[in-house]
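What follows is the residue order along each chain.
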Amino acid sequence: MMVRRILLCLLSLFSLLSAQSQTLVKRQLVDAETRTPVAFANIVLKGTTQGTMSDINGYFEITKPRPADSLLVSCLGYNSALFSWAFVEANATLPLKPS
């Protein structure tokens, strides 16, 4: 019985640590000049295949695993941009420059 309790505690601890190793981020992409939302842009964690797309209002959500250090954003009509996680976490909107 004691072994089961210990195993249950260890599994609970492992689950808690796994959940804390990821961060859900919700941000908005905007045109750097007009501040209007940028819809349907591609957002990818640099060096991975994990990504998402901004919605009609420029919003996106992405889960960042601990080793990720930046987001690569691309959209037709805009220059591709690489944003550091420090910048992403400090800003609610991410500006894209028109090409």
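None of these values were measured; they are calculated from a predicted model.

## Some remarks on the sheet that holds strand 3 (residues 51-53)
Here is step 1 of the chain: Spatial strand order, 3-2-5-6: four strands in an open sheet with antiparallel pairing. The open sheet terminates on both sides in strands that have one partner only, identified here as strand 3 and strand 6 (81-84). On average, each strand axis in the sheet is inclined to that of its neighbour by 20 degrees, with strand direction left out of account.
Here is step 2 of the chain: Pairing geometry for strand 2 (residues 42-45) and strand 3, over three bridges, is antiparallel. For V44, the partnering residue across the bridge sits in strand 3 and is G51.

## Things to note about the side chain of Q28
Here is step 1 of the chain: With respect to the helices and strands, the residue Q28 is situated in strand 1 (residues 22-31).
Here is step 2 of the chain: Of the polar contacts made by the side chain of Q28, one reaches the backbone oxygen of N57; its length is 2.7 Å.

## Here's the deal with the packing of aromatic side chains
Here is step 1 of the chain: Evaluated as defined, the whole model comprises one aromatic pair.
Here is step 2 of the chain: A centroid spacing of 5.6 Å and a plane angle of 15 degrees characterise the contact between F83 and F87, whose relative ring orientation is stacked.
Here is step 3 of the chain: For F83, a relative accessible area of 8% corresponds to the buried category.
Here is step 4 of the chain: Its guanidinium or amino end placed over the ring of Y59, K26 lies 5.4 Å from that ring's centre, counting from NZ or CZ.

## Regarding the pairing of strand 4 (residues 59-65)
Here is step 1 of the chain: The alternating pattern of strand 4 places F60, I62 and K64 on a buried face and Y59, E61, T63 and P65 on a face that is not buried.
Here is step 2 of the chain: Two elements, strand 1 and strand 4, share seven bridges in a ladder whose sense is antiparallel. Paired with V25 across the bridge in strand 4 is I62.

Conventions and cut-offs
Residues numbered from 1 in each chain as written. Predicted model: local features only at pLDDT ≥ 70, side-chain atom pairs only at ≥ 80, totals over all residues. Heavy atoms only, no water. Pairing = 2+ DSSP bridges. Helix = DSSP H or I, 4+ residues; strand = E, 2+ residues; numbered from the N terminus. Axes fitted to C-alpha atoms, helices over the stretch in contact; angles between N-to-C directions. Polar contact = N/O pair within 3.5 Å; in protein donor to acceptor, adjacent residues only side chain to side chain. Phe/Tyr/Trp six-rings, centres within 6.5 Å; stacked < 30°, edge-to-face > 60°. Buried < 20%, exposed > 50% of the residue type's maximum accessible area, 1.4 Å probe, protein only. Lys NZ or Arg CZ within 6 Å of the ring centre and 35° of its normal.

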